Amino acid sequence: MNGSRLDDFLTLSRSHPWELAPFSESLPDGGQVQVWDTGVLCIEPVAPAGRDLVLSCGIHGNETAPIELCARLLNAILSGRLPCRQRLLFIFGNPAAMNLGAREVEENLNRLFSGAHARGDKTNKERQRAARLEQYVERFYRSREGTERLHYDLHTAIRPSAYEKFAIYPFTHGAPYSRNQLAFLCRAGVDTILLAHGPTTTFSYFSAHVFGAHAFTVELGKVMPFGQNDASRFAAMERNLEQLIGEPDWQPAPVDIKQIRVFRVCQEIVKQSEQFCFHFSEKVANFHAFPPGTLLAEDGERQWFAHEQEEAVVFPNVRVANQQRAALMVMATELPPEMLA
Ligand SMILES: [Zn+2]
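Per-chain numbering applies: the sequence of each chain, read as written, is numbered from 1 onward. Local features in this predicted model are restricted to residues of pLDDT 70 or higher, and side-chain atom pairs are both shown and tallied only at a pLDDT of 80 or more, whereas totals for entire chains, interfaces and linings draw on every residue. Only heavy atoms go into the side-chain values, all of them from the structure, while hydrogens and water stay out.

Tell me what's going on with the pairing of strand 2 (residues 32–37), and back it up with residues and numbers.
Strands pair, by our definition, only if DSSP identifies at least two bridges between them. A run of H or I in DSSP becomes a helix once it reaches four residues, and a run of E becomes a strand once it reaches two; helices and strands are each numbered from the N terminus. The pairing of strand 1 (residues 23–26) with strand 2 spans four bridges and is antiparallel. By the bridge assignment, Glu 25 is partnered in strand 2 with Val 33. Connecting strand 1 to the next strand, strand 2, in antiparallel fashion are five residues, including Gly 30 with a positive phi near 100°. Where strand 2 and strand 3 (residues 40–44) come together, five bridges link them in antiparallel fashion. Bridge assignment links Val 33 to a residue of strand 3, and that residue is Ile 43. In this structure, the hairpin formed by strand 2 and strand 3 is closed by a connection of two residues, where Gly 39 is found at a positive phi of approximately 70°.

Shown next as structure tokens:
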């Protein structure tokens, strides 16, 4: 596609950070590439197989490794090197924040889904973006029925992690967890799973809950600036995605569920006021464990302790807004066979 506007879709998106007029082009094999908006590009193969796959990245603008990974996959498809056999929606979430090298411009995009963008009287670009991204996902999934819907929302964490790669399995409302999806993640190097404990306003929960997609927030490692990521550390995920995209009936090899480390949320620490503080270092790694009884955080009169079993901390962040989650506390658990399908 020499000389096409799609030669560098990421650069094109970043030069129109909030809006880009739709256009479409043809793939070398006759498929269609439809640009729906800045950072949003749908691939319609000539004869799509049975999966509808959403790949999102850059929902937080400074999480560069997944953005680079998605850009490589997209370029491989556009150049004809990777045949695209599944319908595929690429979403580069927040180009304006990418341009700032920041997580967000005004508001955390990954707290604005499932209608949260319309709650309260605030308006800003990120809220408008979340509303549009919801519409694009809806348009993508609703244009055919009976397919396997997938959504991998790729992130990197702000801090180091005791388990480098992990995924959040959105709350299933009692539905069983997918063995196949756990195998896909595990084969992609993501062998730690955190089971969410309730509905949230994340992108992955939105796709899972509204469209019945197998959807995950996938954390691939620590944030680095553009160009400083070591692609070999994401190679397993990249290869699995290439196979998923390029081979119509590909399935990951099954895994022994015992190989997967599983955690469930045991408490949520919500910041109440500017007095809020943690009783551990800001630099602590995700999944750092605390013995029972440890004082974890304090906010005026309010105190949070680790309970009866060892608890580990995920996503501690003292700088969140009041009434927002400052950390999740999790504990190791097991997935009994009856919770798997
Ligand atoms: Zn993120």
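Before we move on, could you go through the packing of aromatic side chains and cite the residues and values that matter?
The aromatic pairing rule takes the rings of Phe, Tyr and Trp, using the six-membered ring of Trp, and pairs them if the centres are within 6.5 Å, calling planes under 30 degrees apart stacked, those over 60 edge-to-face and the rest tilted. The tally for this structure, following the rule as stated, stands at 22 aromatic pairs. Aromatic side chains Phe 90 and Phe 92 sit 6.4 Å apart centroid to centroid with 15° between the ring planes, which places their arrangement in the stacked category. Exposure class is identical for Phe 90 and Phe 92. Each is buried. Centroid distance Tyr 163 to Phe 287: 5.3 Å. Interplanar angle 55°. Geometry classified as tilted. With Tyr 163 in the loop between strand 6 (148–157) and strand 7 (166–169) and Phe 287 in the loop between strand 11 (277–278) and strand 12 (288–290), the pair connects residues that are 124 residues apart, well separated along the chain. Residue burial is assigned from relative accessible area. The probe radius is 1.4 Å, only protein chains are included, and a residue is buried under 20% of its type maximum, exposed over 50%, and partly exposed in between. By relative accessible area, Tyr 163 is classed as partly exposed at 24%. Of the aromatic side chains, those joined through ring pairs into one cluster are Phe 113, Phe 140, Tyr 141, Phe 203, Phe 206 and Phe 211. Geometrically, a charge over a ring is one whose NZ (Lys) or CZ (Arg) sits within 6 Å of the ring centre while staying within 35 degrees of the ring normal. Geometry around Phe 23 places Arg 5 over its ring, the cationic atom sitting 4.4 Å from the centre. In this structure, Arg 139 packs its charged tip against the face of Trp 36, placed 3.7 Å from the ring centre.

Can you explain helix 5 (residues 179–187)? Please cite residues and give values.
Of all the positions in helix 5, only Gln 181, Leu 182, Ala 183, Phe 184, Leu 185 and Cys 186 are classed as buried. Tucked into the core, helix 5 has its buried residues touching strand 6, strand 7, strand 8 (192–195), strand 9 (214–222) and helix 7 (235–246). Looking one or two residues past helix 5, Gly 189 carries a phi angle of roughly 90°, positive in sign. Contacts were defined at the residue level, with two residues in contact if any of their heavy atoms lie within 4.5 Å.

Run through the domain arrangement of the chain, naming residues and quoting values.
You'll often see interface size given as the accessible area lost when the parts meet. Segmentation of the chain into domains, including their bounds, is taken from an automatic or database domain assignment. Along its sequence, the chain is organised into domain 1 (9–257) and domain 2 (266–339). If you average the C-alpha positions of domain 1 and of domain 2, the two centres end up 27 Å apart. Contact residues are listed per partner, giving 19 residues for domain 1 and 18 residues for domain 2. Surface buried jointly by domain 1 and domain 2 totals about 1500 Å² across both partners, of which 64% is contributed by carbon and sulfur atoms. Salt-bridge detection follows one rule: a side-chain nitrogen of Lys or Arg within 4 Å of a carboxyl oxygen of Asp or Glu. The interface formed by domain 1 and domain 2 includes zero salt bridges. Contacts described as polar in this section are N or O atom pairs within 3.5 Å, which, within protein, must combine one atom able to donate a hydrogen with one able to accept it, while residues neighboring in sequence count only if both atoms come from side chains. Taken together, the links from domain 1 to domain 2 amount to six residue pairs in polar contact (both at pLDDT 80 or more). When contributions to the side of domain 1 that touches domain 2 are tallied by element, the ones reaching two or more residues are strand 7 and strand 8. The element best represented in the side of domain 1 that touches domain 2 is strand 8, accounting for three residues. Two parts placed together each lose some accessible area under a 1.4 Å probe, and the buried area is that loss summed for both.

Account for the UniProt feature "domain: AstE/AspA barrel-sandwich hybrid" (unreviewed entry) in the chain, naming residues and giving values.
UniProt positions are given in the numbering used here, feature names are shortened, and annotations may be inferred rather than shown by experiment. Here the UniProt feature "domain: AstE/AspA barrel-sandwich hybrid" (unreviewed entry) sits at residues 259–331. Across residues 259–331, helical content stands at 0% and strand content at 48%; the span's end C-alpha atoms are separated by 17 Å.

Kindly report on the UniProt feature "binding site: Zn(2+)" (unreviewed entry) in the chain, identifying the contributing residues and their values.
Mapped onto this structure's residue numbering, the UniProt feature "binding site: Zn(2+)" (unreviewed entry) falls at His 60, Glu 63 and His 155. Spanning 96 residues, the named residues form one tight spatial group whose C-alpha atoms are at most 7.5 Å apart. Residue placement: His 60 occurs in the loop between strand 4 (51–57) and helix 2 (64–78). Those residues in contact with His 60 that sit more than four places away from it in its chain are Ala 102, Arg 103, Asn 108, Asn 110 and His 155. Here Asn 108 takes part through its side chain, which lies 2.7 Å from a polar atom of the side chain of His 60. Among the secondary structure elements, Glu 63 is positioned in the loop between strand 4 and helix 2. Residue Glu 63 is classed as buried on the basis of its relative accessible area of 2%. Glu 63 has contacts with Arg 103, His 155, Thr 156 and Val 223, leaving out every residue within four places of it along the chain. Only 3.4 Å separates the side chain of Glu 63 from the side chain of Arg 103, close enough to count as a polar contact.

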